[in-house]
Amino acid sequence: MRQGTDPLDDGAGTGGLLRQPKAVWATAGASVVAFMGIGLVDPILPSIAKGLDATPSQVSLLFTSYFLITAVAMLVTGFVSSRIGGKKTLLAGLALVVVFAALAGTSNSVGELVGFRAGWGLGNALFVSTALAVIVGAAAGGSAAAILLYESALGLGMACGPLLGAVLGDMKWRYPFFGTAALMAIGFLAITVFLKEQPKPARKTSLLDPLKALGHGGLASAAASAFFYNYAFFTVLAFTPFVLNMSPYKSGGVFFAWGVLLAVFSVLVAPRLQERFGSLKVLGGSLVLLAADLIVLGYGNHTTAVAATVASGAFIGLNNTVYTELALGVSDAPRPVASAGYNFVRWFAAAAAPYFAPKIEEWSDLHIPFVVAAGAAVVGAVIVWARRGVLTREVAGLRSGHAVEDGVSVFAN
């Protein structure tokens, strides 16, 4: 990005991306598994519905409970990490994921599975909301390299989650949950061994600080735009598997390709486009293109819907990177507090979309959920355009007082 024009630009290079301490790789590796858990159930949603004799709207509650708890937990993670430290917060989150992922695999009803996914969401919130802060605190090469490493972990996890879900879920829908529990247990051991405790912040975060931070116009605008974007994003993630109606292997392959595009555009393409056009133009244009892609997905034939699903990964990858950087740099509040408030707002949309998309289909037809999601993406773009003044406000003088290492950071999708 161009220095002085974009909200996050500290001039840090990315040369140190691969030359990182073991603690960074341990945290990034666990982050991959944490993000795998988001898309893990995608290819097996129809199998879960069949196995538990449930409707699509009931099974979609697996996402709703997960992200609803994640949203509320954003008010708690900073409070916790500022008191017990980053390492202990990561380990607490991982322990919860191990327990509830394993319990999810033993579920005998949709209600049980939804409840265990809620506990899983709490653990994931504690982990991923602290992971970037820990990576930045321990990484070599500056914050830019750390953010790219985190985004790489996100993209790899989002790509591999559906693939793991397909491979294990093709044998039995319960196995992906047990597999995630095992992988997270390995992550727990790696962080225990390799990560030293991070310094605690000088000031402890209160439960209300993230809400107070939303009083800043730039942060509130970024959060509002991201809310509508996340509705579109999670309509693709949670509702499309039912529309495609493919075997776990085929659905997993589609979402693996989707995740690869997400990773490539997030880590490699987004920085280059931002440098050339500026963050807000990239974000606004990507949101409009995502809306167009959703219309094609909703009204095209099966082959077109598959292609549009995969293509949406490119626009989602671009959006993820820009939104992360906006949330980290646009506010005059401490970054951990600002990002907690931002995530509190946007994850409510991630909880709403999986519930409302199948309901809207029941009330209308198969096309309308995608029309609504496309409209949400356009609203997100309109907010970016209308509030471009506060979103591009110079923040160069604010960076020194906003140490990401101090606690909760952005869970970047």
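Preceding this paragraph is the structure being described.
Along each chain, residue indices are assigned from 1 in the same order as the chain's sequence is written. This being a predicted model, a pLDDT of at least 70 is required before a residue's local features are given, and a value of 80 or more before pairs of side-chain atoms are given or counted; all residues contribute to the totals for chains, interfaces and linings. Only heavy atoms go into the side-chain values, all of them from the structure, while hydrogens and water stay out.

**Focus: unusual backbone geometry**
The cut-off we apply is this: Helix and strand assignments follow DSSP, with helices taken as H or I runs no shorter than four residues and strands as E runs no shorter than two, numbered in order from the N terminus. For the exposure calls, accessible area comes from a 1.4 Å probe over protein chains only, and a residue counts as buried if that area is under 20% of its type's maximum, exposed if over 50%, partly exposed in between.
A positive phi is found at D53, a non-glycine position, where the angle reads about 50°. Here D53 shows up in the loop between α2 (45-51) and α3 (56-59). With relative accessibility at 73%, the residue D53 sits in the exposed group.

**Side note on a nonpolar patch on the surface**
The line we're drawing: Put simply, a patch holds well-exposed residues, over 30% relative accessible area, that have no salt bridge, with like charges counted together within 9 Å and Val, Leu, Ile, Met, Phe, Trp or Tyr side chains within 5 Å. With residues, only the protein chains shown are counted as cover, and all accessible areas are computed by Shrake-Rupley using a 1.4 Å probe. Here, a salt bridge means any side-chain nitrogen of Lys or Arg that lies within 4 Å of a carboxyl oxygen of Asp or Glu.
A surface patch of nonpolar side chains, amounting to about 540 Å² of accessible area, comprises L163, V167, Y249, F256, V260, V264 and L268. Going through the elements one at a time, α7 (142-169) and α11 (248-277) are the ones with two or more residues in the nonpolar patch. Considering every element that reaches the nonpolar patch, the biggest residue donor is α11, with five residues. Relative to the assigned elements, V167 resides in helix α7.

**A look at the packing of helix α12 (residues 279-299) against helix α15 (residues 368-386)**
Put simply, the rule is: As a rule, the C-alpha atoms of each element are fitted with a line to give its axis, helices using only the stretch in contact, and angles between N-to-C directions run from 0 to 180 degrees. Here roughly perpendicular refers to angles of 65 to 115 degrees, roughly parallel to angles under 35, roughly antiparallel to angles over 145, and oblique to all remaining angles. Contact between two residues is taken to exist if any of their heavy atoms lie within 4.5 Å; hydrogens are not considered.
Taken N-terminus to C-terminus, the directions of α12 and α15 make an angle of 170°; their axes are 8 Å apart at the nearest point. The pairing of α12 with α15 is recorded here as roughly antiparallel in orientation. Along the contact surface, α12 presents L280, L283, G284, L287, V288, L290, A291, L294, I295, L297, G298 and Y299, while α15 presents I368, F370, V371, A373, A374, A377, V378, G380, A381 and V384.

**Quick word on the packing of aromatic side chains**
What counts, and what does not: Only centres within 6.5 Å qualify two rings of Phe, Tyr or Trp (six-membered ring in Trp) as a pair; their planes then separate them into stacked at under 30 degrees, edge-to-face at over 60, and tilted for everything else.
The full count for this structure, using the stated rule, is 16 aromatic pairs. Between the aromatic rings of Y66 and W120, the centroid separation amounts to 6.4 Å while the plane-to-plane angle is 75°, which identifies the pairing as edge-to-face. Of this pair, Y66 sits in helix α4 (residues 61-84) while W120 is found in helix α6 (residues 110-138), placing the two residues 54 residues apart along the sequence. With a relative accessible area of 0%, Y66 lands in the buried category. Residues F67 and W347 carry aromatic rings whose centres are separated by 5.1 Å and whose planes lie at 5° to one another, so their mutual orientation is stacked. Of this pair, F67 sits in helix α4 while W347 sits in helix α14 (residues 335-363), and the two are 280 residues apart along the sequence. Judged by relative accessible area, which is 0%, F67 ranks as buried. Overall, the relative accessible area of 0% leaves W347 in the buried class. Among the aromatic residues, those joined into a ring-pair cluster are Y66, F67, W120, W173, F177, Y229, F233, F234, F255, W258, Y323 and W347.

**So, α6**
In plain terms, the rule: Every helix has an expected span of 1.5 Å times one less than the residues it contains.
Helix length check: α6 (29 residues) gives 41 Å between terminal C-alpha atoms against 42 Å at 1.5 Å per residue, within 8%. For α6, the buried fraction is high: 23 of the 29 residues fall into the buried class.

**A look at the side chain of S225**
Examined against the element boundaries, S225 turns out to sit in helix α10 (residues 217-244). Of the residues examined, S225 reaches a relative accessible area of 1% and is grouped as buried. Beyond its immediate stretch of four places on either side in the chain, S225 contacts L287, Y323, G380, I383 and V384.

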